[in-house]
There are 2 protein chains.
Amino acid sequence: MDAMNDPSARLLTLLSLLQTPREWPGSELAERLGVSPRTVRRDVDRLRELGYPVEATMGAAGGYRLAAGTAMPPLLLDDEETVAIAVGLSTVAGNPVNGIEEASLRALAKLEQVLPSRLRHRVGAFRAAAVSMLTGNGPGADPSVLAVTAGAAAASERLRFAYRTRDGDETRRLVEPHRLVLAGRRWYLLAYDNERQDWRIFRVDRMTDVRPTGVRVPPREPPGGDAAAFVTGKMYSLAPTYEVLATVRLPAAQAAERLGAAPGEVQPIDEESCRLRGHADTLEWLASRLLLLGCEFQVHEPPELRAHLRTIAARALRATDDASERGGAAAAG
Amino acid sequence: MDAMNDPSARLLTLLSLLQTPREWPGSELAERLGVSPRTVRRDVDRLRELGYPVEATMGAAGGYRLAAGTAMPPLLLDDEETVAIAVGLSTVAGNPVNGIEEASLRALAKLEQVLPSRLRHRVGAFRAAAVSMLTGNGPGADPSVLAVTAGAAAASERLRFAYRTRDGDETRRLVEPHRLVLAGRRWYLLAYDNERQDWRIFRVDRMTDVRPTGVRVPPREPPGGDAAAFVTGKMYSLAPTYEVLATVRLPAAQAAERLGAAPGEVQPIDEESCRLRGHADTLEWLASRLLLLGCEFQVHEPPELRAHLRTIAARALRATDDASERGGAAAAG
DNA sequence: GCCATATAGGTCAGATCCCGGCCTACATGG
DNA sequence: CCATGTAGGCCGGGATCTGACCTATATGGC
């Protein structure tokens with residue numbers, strides 16, 4: 001199969017074998033690699049010298065296996081594992097709520113760059129199901145759009161895409177991407193618009209048909225220097241959001257834990273309740289998060305959220321109403 | 001730093017450089033690798049012969065970059081990307097709803113096997129936040145328990161762990177793990193209990209302090225042959241679940257899409273409503289899923305779910321009740 | 001307690017590969 | 001048209017790799 005004469009290729013396949021969570025006797029490795037057992041021992045030595053600790057259990061039932069070291073070894077994945085990782089990263093990057101969004105985006109860009117095309121559509125299929133499932137069918141940004149954009153920004157490549165403005169118009173853009181910024185629950189792209197000759201901010205979930213042009217340009221300095229500040233400053237003009245103020249009957253620590261490092265601040269009121277302040281862009285998201293807290297709470301601030309909670313309450317009551325069960329059309333009003 | 005005299009190590013770092021989404025001129029690669037440009041060209045050739053298509057753009061502003069080929073190249077990740085991948089896999093494996101659970105579990109086991117300890121606690125910290133955030137704070141199984149168990153099952157290693165029975169008793173077990181099976185929303189371990197000398201099924205979320213013994217045993221044949229059938233057969237005796245029957249005022253296709261490939265069947269009633277049948281183990285999960293559908297629905301079957309929906313409705317109404325806003329203790333009744 | 005079987009590693013000789021330096025060919029952008 | 005990049009052939013000296021010995025040592029089963 002592979003040319004096992006080449007020590008480098010052999011080391012790679014040896015690594016991939018050792019990453020399987022099982023023990024490999026040296027003789028079997030020798031057979032698989034097509035070399036003598038002595039060479040296998042030498043290769044194992046080489047891996048150890050490279051910093052990848054190959055554990056060996058001695059004795060009659062001995063064997064080799066890869067252990068945790070100080071550096072990550074190169075991951076050698078099969079098709080399904082690759083798809084799983086791509087989908088997993090999509091759920092984290094496409095619905096970011098914790099604090100590793102940028103890293104997951106980098107990893108996703110790195111992965112998409114080398115993803116075989118035969119796996120690409122499988123990833124897409126799973127992604128739709130998984131993301132909508134895990135995130136509560138939010139209208140988040142397409143992870144592959146995110147990945148391509150992040151890659152172009154890192155490579156300083158011009159980017160071409162279609163952008164749907166707030167009014168629903170479709171426009172085509174040619175930009176020099178600078179940085180992706182996460183604000184609230186949405187990704188924004190800070191980029192220099194080549195046609196309009198000015199800096200613009202784009203909502204990534206409104207970008208489609210994204211394709212790198214391949215043209216590299218020297219990176220441009222954004223105005224103000226700090227991309228995040230620039231974006232958050234202009235964000236509210238792009239997407240109207242709701243300011244939330246609520247009282248939650250839960251200790252501040254517990255509330256923060258259940259909410260995750262999500263939007264907003266949590267301030268303790270007393271030992272068993274706290275004040276929640278933050279902003280989000282959809283009422284459904286807010287309502288479901290509050291209800292999933294599993295405790296009593298009061299919503300003070302956005303009247304729309306109060307109205308929406310009443311809507312949900314009414315719907316939940318109708319769902320348990322025996323009267324509407326008989327005549328299906330009764331729920332029309 | 002690295003011994004760049006070794007061609008194997010050099011190829012690895014070259015791969016890691018090329019995985020960065022940018023273009024690398026050959027001269028810079030030569031400098032970084034500490035070899036002559038001619039050797040870089042030879043190394044690039046070698047990568048291509050190994051099946052990793054290194055794209056090169058010719059001309060004055062040329063350079064090398066790694067493109068998508070037919071096989072996945074070994075992924076070389078930095079710390080943050082590794083953590084992001086581990087967290088992403090945890091959200092998919094620890095809250096499985098789509099159909100790549102087994103693959104994500106394999107990938108997670110592979111990754112945890114070689115995860116440097118310094119990254120381990122960072123993964124743990126993010127995991128708690130991310131999983132509870134994305135899954136709606138379900139009491140799912142600990143992903144690292146899942147990963148260790150999957151690894152032991154793959155390696156045919158005996159496993160020792162503490163198990164909390166339904167009555168709340170803690171027992172210590174020594175088993176030969178056979179397979180992990182996903183049933184409904186929970187992971188189950190089918191294993192041969194060495195002390196009780198019989199096959200047993202364990203809920204993974206009740207396993208703690210899991211540690212492989214390192215003792216390898218020849219794999220045993222499970223009773224019926226098919227692990228999944230065996231588990232689903234005994235599942236209901238382990239965890240009491242709720243049978244759901246509901247009518248949803250949404251076309252069947254849309255309902256299926258919003259519910260994902262989750263548990264249950266969706267049967268169309270007419271063009272704008274359908275019947276939903278399935279089972280799940282927590283009322284919170286069921287209620288939130290139904291409410292997130294964003295449409296009218298009626299719950300027929302589990303009386304507990306009807307009661308829970310009324311509870312939620314009452315809580316939502318109290319949250320918008322101005323009277324209870326003044327006196328905090330008024331919500332006690 | 002012994003033996004089979006595993007890892008661990010030293011040594012040697014021959015074949016092979018690797019590397020840098022030099023050369024020419026070719027594509028591209030200013 | 002020229003500077004600058006990739007592409008690749010050729011050559012010679014030196015380093016490396018491999019298999020085939022060998023011994024030491026740890027472990028589990030009989």
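Predicted, not measured: the structure shown is a model, and the values here were computed from it.

S.K.: I would appreciate a short explanation of the protein's contact with DNA strand D in the present structure.
M.R.: Lining the immediate environment of DNA strand D, one finds 23 residues, of which A:Arg10, A:Thr39, A:Arg42, B:Gly26 and B:Arg41 sit closest. Of what DNA strand D places within 4 Å of the protein, 57% of the atoms are sugar or phosphate. At 2.4 Å, a side-chain N or O of A:Arg10 approaches a phosphate oxygen of DNA strand D. The side chain of B:Arg38 places a nitrogen or oxygen atom 2.9 Å from a base oxygen of DNA strand D. Counting residues per element, the ones that place at least two in the surface near DNA strand D are helix H1 (7–19) and helix H3 (37–49) of chain A together with helix H3 (37–49) of chain B. Grouping the constituent residues of the surface near DNA strand D by class yields 9 nonpolar, 5 polar and 9 charged.

S.K.: Before we go on, may I ask you to explain the interface of chain A and chain B in this structure?
M.R.: For an interface, size is often stated in terms of accessible area lost upon the parts coming together. Contacts between chain A and chain B engage 103 residues on the former and 103 residues on the latter. Buried surface at the junction of chain A and chain B, summed over both partners, amounts to about 9200 Å²; 61% is from carbon and sulfur atoms. Put simply, chain A and chain B have 16 salt bridges between them. A salt bridge links A:Glu296 to B:Arg318, with the shortest nitrogen-to-oxygen separation between them at 2.4 Å. Split into classes, the residues belonging to the side of chain A that touches chain B amount to 51 nonpolar, 27 polar and 25 charged.

S.K.: Is there a simple way to explain H3(A) in this structure?
M.R.: An α-helical segment advances 3.6 residues per turn. Residues three or four places apart therefore align on the same side. All names here are of chain A. With 13 residues, H3 should reach 18 Å at 1.5 Å per residue; the first-to-last C-alpha distance of 18 Å fits that figure. Residues of H3 that are buried: Thr39, Val40, Asp43, Val44 and Leu47. Seen end-on, H3 carries its buried residues on one side only, within an arc spanning 145°. Buried residues belonging to H3 abut H1, helix H2 (26–33), strand S1 (54–57) and strand S2 (63–66).

S.K.: Help me understand helix H4 (residues 79–94) of chain A in this model?
M.R.: Look at H4(A): 22 Å from first C-alpha to last across 16 residues, which is about the 22 Å you get at 1.5 Å a residue. Of all 16 residues in H4(A), 14 are buried, a share of seventy percent or more.

S.K.: How do you make sense of the protein's contact with DNA strand C when you look at a structure like this?
M.R.: Lining the immediate surroundings of DNA strand C are 24 residues, of which A:Gly26, A:Arg41, B:Arg10, B:Thr39 and B:Arg42 lie closest. Of everything in DNA strand C that lies within 4 Å of the protein, sugar and phosphate atoms constitute 56%. One nitrogen or oxygen atom from the main chain of A:Gly26 is found 2.4 Å from a phosphate oxygen belonging to DNA strand C. Within the side chain of A:Arg38, a nitrogen or oxygen atom sits 2.9 Å from a base oxygen of DNA strand C. If you list the elements that add at least two residues to the surface near DNA strand C, you get H3 of chain A together with helix H1 (7–19) and H3 of chain B.

S.K.: Could you clarify how one ought to interpret the state of the cysteines in this entry?
M.R.: Disulfide: a covalent bond formed between the sulfur atoms of two cysteine residues. All names here are of chain A. One pass over the full model with this rule turns up 0 disulfides over all chains. Left without a disulfide partner, cysteine 274 is nearest to the cysteine sulfur of cysteine 295, which lies 7.8 Å away. Assessed through its relative accessible area of 1%, cysteine 274 is described here as buried.

S.K.: How should the pattern of salt bridges be read in this particular structure?
M.R.: Side-chain pairs of opposite charge can arise where the charged atoms are in close proximity. Residues and elements named next belong to chain A. By the definition in use, this model includes 50 salt bridges over all chains. The partner of arginine 179 in a salt bridge is glutamate 102, with the nearest N and O atoms 3.1 Å apart. Taken as a pair, arginine 179 in strand S4 (residues 170–183) and glutamate 102 in helix H5 (residues 101–114) lie far apart in primary sequence, 77 residues in all. The salt bridge partner of glutamate 112 is arginine 127, with a shortest N-O separation of 3.1 Å. Linking glutamate 112 in helix H5 with arginine 127 in helix H6 (residues 117–134), this pair joins segments that are 15 residues apart in sequence. Residue glutamate 112 shares its accessibility class with arginine 127, and that shared class is buried.

S.K.: Help me understand the packing of helix H11 (residues 303–319) of chain A against helix H11 (residues 303–319) of chain B, please; the structure alone is not making it clear to me.
M.R.: For any two helices packed against each other, the geometry comes down to the angle between their axes and how far apart the axes lie. Running from amino to carboxyl end, H11(A) crosses H11(B) at an angle of 155°, the nearest separation of the two axes being 8 Å. If you check the angle between H11(A) and H11(B), you find them roughly antiparallel. Two packed elements cross with a definite hand, and for H11(A) against H11(B) that hand is left-handed. For the pair formed by H11(A) and H11(B), the contact residues are A:Arg306, A:Leu309, A:Arg310, A:Ala313, A:Ala316, A:Leu317 and A:Ala319 on the first element and B:Arg306, B:Leu309, B:Arg310, B:Ala313, B:Ala316, B:Leu317 and B:Ala319 on the second. For the contact of H11(A) with H11(B), the per-class residue count stands at 10 nonpolar, no polar and 4 charged.

S.K.: Looking at this structure, how should I read the environment of A:Arg42?
M.R.: Mapped onto the elements of the fold, A:Arg42 is located in helix H3. Counting along the chain gives 166 residues from A:Arg42 to A:Thr208, while the straight-line C-alpha distance between them is 52 Å.

S.K.: Explain the side chain of B:Arg315 to me, please; I cannot follow it from the model alone.
M.R.: Mapped onto the elements, B:Arg315 comes out in helix H11. A residue is classified by how much of its surface remains accessible, and B:Arg315, at 14% relative accessible area, is buried. With near-sequence residues (within four places) excluded, B:Arg315 lies in contact with A:Leu291, A:Gly294, A:Cys295, A:Glu296 and A:Phe297.

S.K.: Can you help me understand the side chain of B:His308 in this one?
M.R.: Residue and element names in this part refer to chain B. Counting through the fold element by element, histidine 308 comes out in helix H11. Residue histidine 308 is classed as buried on the basis of its relative accessible area, which comes to 15%. Ignoring any residue separated from it by four or fewer positions in sequence, one finds histidine 308 in contact with Leu283, Glu284 and Ala287.

S.K.: Looking at this structure, I do not really get the relation of the copies chain A and chain B. What am I missing?
M.R.: What relates the two chain copies is a rotation about an axis together with a slide along it. Superposing chain A onto chain B takes a rotation of 179° plus a shift of 0.1 Å along the axis, which leaves an RMSD of 0.4 Å. Here the two chains are linked by the operation of a two-fold rotation axis. In this assembly the copies share their binding face: 100% of the residues contributing to the interface of chain A also contribute to that of chain B.

Criteria and cut-off values
Residues numbered from 1 in each chain as written. Chains lettered and ligands numbered in written order. Predicted model: local features only at pLDDT ≥ 70, side-chain atom pairs only at ≥ 80, totals over all residues. Heavy atoms only, no water. Near = heavy atom within 4 Å. Polar contact = N/O pair within 3.5 Å; in protein donor to acceptor, adjacent residues only side chain to side chain. Helix = DSSP H or I, 4+ residues; strand = E, 2+ residues; numbered from the N terminus. Nonpolar A, V, L, I, M, F, W, Y, C, P; charged D, E, K, R; others polar. Contact = heavy atoms within 4.5 Å. Buried area = accessible area lost by both parts, 1.4 Å probe. Salt bridge = Lys/Arg side-chain N within 4 Å of Asp/Glu carboxyl O. Expected span 1.5 Å × (residues − 1). Buried < 20%, exposed > 50% of the residue type's maximum accessible area, 1.4 Å probe, protein only. Arc of directions from axis to C-beta. Disulfide = S-S within 2.5 Å. Axes fitted to C-alpha atoms, helices over the stretch in contact; angles between N-to-C directions. Parallel < 35°, antiparallel > 145°, perpendicular 65-115°, else oblique. Left-handed = near helix turned anticlockwise from the far one by under 90°. Least-squares fit on C-alpha atoms with pLDDT ≥ 70 in both.

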